[in-house]
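# A structural walkthrough
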Amino acid sequence: MRKLILLLGFIGLLSFRAFSQFTSVQDGNWNLGATWGFPGNNTAGSGFPSIGQTALVQNNVTIPASFSATITDVTVDVGVYLTIASTGTLNLNGVLEIVDDGLGGNGFLDVYGTLVANQGSSFLNDGATNTKVYGIYRHNFTTSAGNILQARWNTGSTCQVVGYTSNTTAPGFVGQSFHHFTWDCPNGSGGSSTFISLGGQLTDISGNLTVSATGGASRTLRLFDNTSGNTLSIIGDLIVNSSGRLVFSTTGNTNAVTVGGNLRIENTAAATSTVTTSGTSTTITVNGNFSMIPAAATTFNLASLSGGVGTMNILGSFSINSSSTLSANSSATASINFNGTNIQTFSNSGNASSRINYTISSSSILDLGTSAIVGTGILTNNGTLRVGSTDPNGPIQLNTVSGNIRNTVGNRVYNSGSTVTYNGASKQFIGDGHPTGAGVTTRINNSSNVAITASFVIVGSLILDNGNLEVGSNTLTLNGTFTPNSNSLVTTTNSNISVGGTGSLGTLAFSGSTIINSFVLNRTSGGSVTLGSNLGIKNFGTFTHQAGTLILNGNTLTISGDFSQAGGTIQTNSSSSIIIDGSGTLPASISLGGTNLNTLTIIRSTPTVSIAPSHIISNLNLNDGTLN
């Protein structure tokens, strides 16, 4: 009897050993007994390797689609492939070894489906030459860091870090060139100061970087932390969603992230992400759009502590919703630069009232729509700023509560060469905060017209692309150049036009009433104004000609009020006409240019009208008064 028991025990031990380690005998699928020498036995744990067992792959073995295998250890021998098919899964609890014979021969691992590395697992001889990921690698460690699979990460592949609970150390081999990289560790534990720092090791992502969850109690993922001089290139999007909290730098300096796609803050739970705390010169360049569209209260902090310097360069559009706060410490330097070459739209429905500096580069166009730039930072316009507010006091006012521009009034800089364009959806008004500096161009691109509400001086150029500028009962002073295209200045009999500056103004076109209250021409250094329509100065109005040439250009000039001419000339041609009627003073001699005048009409009894030099007048209507 004792011998029988010993024999049965020995047979049982052989049976256990036989089914605890499997060796493939032919090419085939993992879940077929024939692959492992057990034809007809397709049962996990006896026909093919499963939980708690090991496998030696000596043939080409595939974990098929929609099948999930779990194994302790697996060894892939020289010259053969272990392939995880699309939608197939291998759960690894022990060691996955890819044999390297030291003579140039090795095994191969191809992941088209999902490879899950659980807590305590590891890899031997893995690398870019023998390990290729096309699908998903899931790093499911919990209490220790573990090492990420070393592989060639092909287009479409994803490395997921998903399991951490109490671990606070970065995984090994995070410095590879990944396609997509996702951090999703909702069960991370620890206090509010708990974090995992990648220390600048993550440098190259050809797809998207997604931070979905970093754990409870404000636990964060830090890209650079206190290290300096690092760069991270993300060809796709940078996405922070769910409960993710991302910190780029703490005290580290001169760190840079380049995002080829969009930077998207899309948290569904309250969270704060930070570009830098007190470190200097952390820069994010976003070649696509920046958007904060969270479903819960979310803060994106450009520089959270005194002395920090955080910069974001945006080449696409800018959008934050009502759940968003864009912030910076009042003693830090936080900047957003709009550097795009296409039109960049700006939408602000959130809270961005901190000390953030906004700069529009010389080649960029920022379209604010009806949104506002707010806060205590500096707005610097070197390019084109489009304003769409239809506030009756204008998009740009000398206050911080209305219109498109609401940052501190003294912190608005419109440099020479910059442009402000009015392009609202309905009629707009030029407010008291519109820039009056030299070299600033004002453009009207509003088919419903733009109106001035008070006397207004334009030192730079005025261009009417689409729509007119309504002067009303105000004084419009033009000291730059004027290009009406097919548009005009809409004037009334109470309008006043003053032209100063130097050089050629351009063509001055009027609509509405071409009879105005007063006209001043003081265009020096050979300056000139060309009429694009008839012009009249009403009775009891004034025409003050101090310098420059008024080119009638075939139009009619009507002078019904006082006329003084201290300098300059009125240039006529054979199709131009002058009417002097009404009452008031006249110069001793009206200085005309050219040699011909189509029609001269005088209906003013006094004083005597005198012109010089002599002109050939085709039609003279001397209804009342004297021509000398």
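Details of the structure are given in the entry above.
Because the structure is predicted, anything quoted here is derived from the model rather than measured. (Residues numbered from 1 in each chain as written. Predicted model: local features only at pLDDT ≥ 70, side-chain atom pairs only at ≥ 80, totals over all residues. Heavy atoms only, no water.)

### Quick look at the overall build of the chain
Each helix and strand counted, the chain has 1 helix and 66 strands in total. Here the C-alpha radius of gyration of the chain, 39 Å, is well above what a compact globule of 628 residues would show, namely 25 Å. Principal-axis analysis of the C-alpha atoms gives the chain an extent of 155 × 45 × 40 Å. Looking at the 628 residues of the chain, the share that counts as buried comes to 52%. Relative to all contacts within the chain whose residues are 6 or more apart in sequence, the contacts with residues 24 or more apart total 48%. Summing over all exposed atoms, the chain offers an accessible surface of approximately 23400 Å²; the carbon and sulfur share of this is 49%. Of the charged side chains in the chain, 19 are positive and 21 negative, and the gap between their average positions amounts to 7 Å. (Helix = DSSP H or I, 4+ residues; strand = E, 2+ residues; numbered from the N terminus. Rg over C-alpha atoms; globule rule 2.2 N^0.38 Å. Buried < 20%, exposed > 50% of the residue type's maximum accessible area, 1.4 Å probe, protein only. Contact = heavy atoms within 4.5 Å. Areas by Shrake-Rupley, 256 points an atom, 1.4 Å probe, with all protein chains shown as cover. Lys, Arg positive; Asp, Glu negative; His and termini not counted. Charge placed at Lys NZ, Arg CZ, Asp CG, Glu CD.)

### As for the sheet that holds strand E23 (residues 231–234)
Ordered by their spatial adjacency, 10 strands build an open sheet running E17-E20-E23-E26-E29-E32-E35-E37-E39-E41, and the pairing between neighbours is parallel. In this open sheet, the two edge strands, each paired with only one partner strand, are strand E17 (177–178) and strand E41 (412–414). Two elements, strand E37 (residues 356–360) and strand E39 (residues 379–381), share 3 bridges in a ladder whose sense is parallel. Following the sheet pairing, Thr359 is matched in E39 by Thr380. (Pairing = 2+ DSSP bridges.)

### Some details on the sheet that holds strand E10 (residues 108–111)
Strands sit in the order E2-E4-E7-E10-E13-E15 across an open sheet of 6 strands; the sheet is parallel. Each having just a single partner strand, strand E2 (28–29) and strand E15 (152–153) make up the two edges of the open sheet. Of the pairings in the sheet, the one linking strand E13 (residues 131–133) to E15 comprises 2 bridges and is parallel in character. Of the residues in E15, the one forming a bridge with Lys132 is Arg152.

### Some details on the pattern of salt bridges
Within the structure shown, the criterion is met by 6 salt bridges. Of the charged contacts, one joins Arg386 and Asp367 as a salt bridge, the two residues approaching to 3.7 Å between their closest N and O atoms. Of the two residues, Arg386 sits in strand E40 (residues 384–387) while Asp367 sits in strand E38 (residues 365–367), which places them 19 residues apart along the sequence. This pair shows no difference in class: Arg386 is buried, exactly as Asp367 is. Each of Asp237, Arg264 and Glu266 takes part in a single network of salt bridges with overlapping partners. (Salt bridge = Lys/Arg side-chain N within 4 Å of Asp/Glu carboxyl O.)

### Description of the pairing of strand E62 (residues 577–581)
In this sheet, E62 lies alongside strand E59 (residues 556–559) in parallel orientation, the contact comprising 4 bridges. By the bridge assignment for E62, Thr558 is matched with Ile579.

### With respect to the nonpolar core
Among the nonpolar cores identified, the biggest contains 139 residues, and Trp30, Phe181, Phe290, Phe300, Leu489, Leu508 and Phe519 are the most heavily contacted of them. Ignoring sequence-local partners within four residues, the contact set of Leu489 consists of Leu462, Leu464, Leu469, Val471, Leu476, Leu478, Phe482, Ile497, Leu508, Ala509, Phe510 and Ser511. (Core = buried A, V, L, I, M, F, W, Y, C linked by side-chain atoms within 4.5 Å.)

### Quick word on the packing of aromatic side chains
Going through the model one piece at a time under the given rule, you end up with 19 aromatic pairs. With a centroid separation of 4.6 Å and an interplanar angle of 5°, the aromatic rings of Phe318 and Phe346 are classed as stacked. Here Phe318, found in strand E33 (residues 318–320), pairs with Phe346, found in strand E36 (residues 343–348); they are 28 residues apart in sequence, far enough to count as distant. No difference in accessibility class separates Phe318 from Phe346, as the two residues are buried. Chaining the aromatic ring pairs together yields one cluster made of Phe290, Phe300, Phe318, Phe338, Phe346 and Tyr358. The residue whose ring lies beneath Arg222 is Phe195, and the NZ or CZ to ring-centre distance is 3.5 Å. (Phe/Tyr/Trp six-rings, centres within 6.5 Å; stacked < 30°, edge-to-face > 60°. Lys NZ or Arg CZ within 6 Å of the ring centre and 35° of its normal.)

### Looking at the pairing of strand E18 (residues 180–184)
By the bridge criterion, 4 bridges tie strand E16 (residues 158–161) to E18 in an arrangement that is parallel. For Cys159, the partnering residue across the bridge sits in E18 and is Phe181. Across 4 bridges, E18 lies against strand E21 (residues 209–213) in parallel orientation. Of the residues in E21, the one forming a bridge with Asp184 is Ala213.

### Topic: the side chain of Asn106
Among the structural elements, Asn106 can be located in the loop between strand E9 (95–98) and E10. The class for Asn106 is buried, based on a relative accessible area of 16%. Discounting residues that sit within four places of it in the chain, Asn106 has contacts with Asp77, Val78, Gly79, Val99, Asp100 and Asn130.

### Some thoughts on the state of the cysteines
Throughout the structure, instances matching the rule amount to 0 disulfides. Here Cys159 stays unpaired: no disulfide links it, and the sulfur of Cys185, its closest cysteine neighbor, is 11 Å away. Looking at Cys159, the relative accessible area reads 0%, which means it is buried. (Disulfide = S-S within 2.5 Å.)

### Quick look at the side chain of Asn267
With respect to the helices and strands, Asn267 occurs in strand E27 (residues 263–267). Of the polar contacts made by the side chain of Asn267, one reaches the backbone oxygen of Ser242; its length is 3.2 Å. The contact partners of Asn267, leaving out residues within four places of it in the chain, are Val240, Asn241, Ser242, Ser243, Gly244, Pro294, Ala295, Ala296 and Thr298. (Polar contact = N/O pair within 3.5 Å; in protein donor to acceptor, adjacent residues only side chain to side chain.)

### Details of the environment of Thr419
Among the structural elements, Thr419 can be located in strand E42 (residues 419–422). Sequence-wise, Thr419 and Thr436 are 17 residues apart; in three dimensions their C-alpha atoms are separated by 11 Å. In this view, Thr419 contacts Asn381, Gly383, Thr384, Leu385, Thr441 and Arg443; residues no more than four positions away in its chain are not counted.

### Considering unusual backbone geometry
Excluding glycine, a negative phi dihedral is what most residues carry, and trans is how most peptide bonds are arranged. In the segment running from Thr606 into Pro607, the intervening peptide bond is cis, with an omega of -10°. Examined against the element boundaries, Pro607 turns out to sit in the loop between strand E64 (596–603) and strand E65 (611–612). Going from Ala612 to Pro613, the amide bond is cis rather than trans, its omega being -5°. As for its placement among the helices and strands, Pro613 is situated in the loop between E65 and strand E66 (616–624). A positive phi angle, close to 70°, is found at Phe540, a residue other than glycine.

### Brief notes about the environment of Pro484
Locating Pro484 in the fold gives a position in the loop between strand E50 (482–483) and strand E51 (489–491). Residue classification places Pro484 among the buried residues on the basis of a relative accessible area of 8%. Residues Pro484 and Gly102 lie 382 residues apart in sequence; the distance between their C-alpha atoms is 80 Å. In this view, Pro484 contacts Leu464, Thr507 and Ala509; residues no more than four positions away in its chain are not counted.

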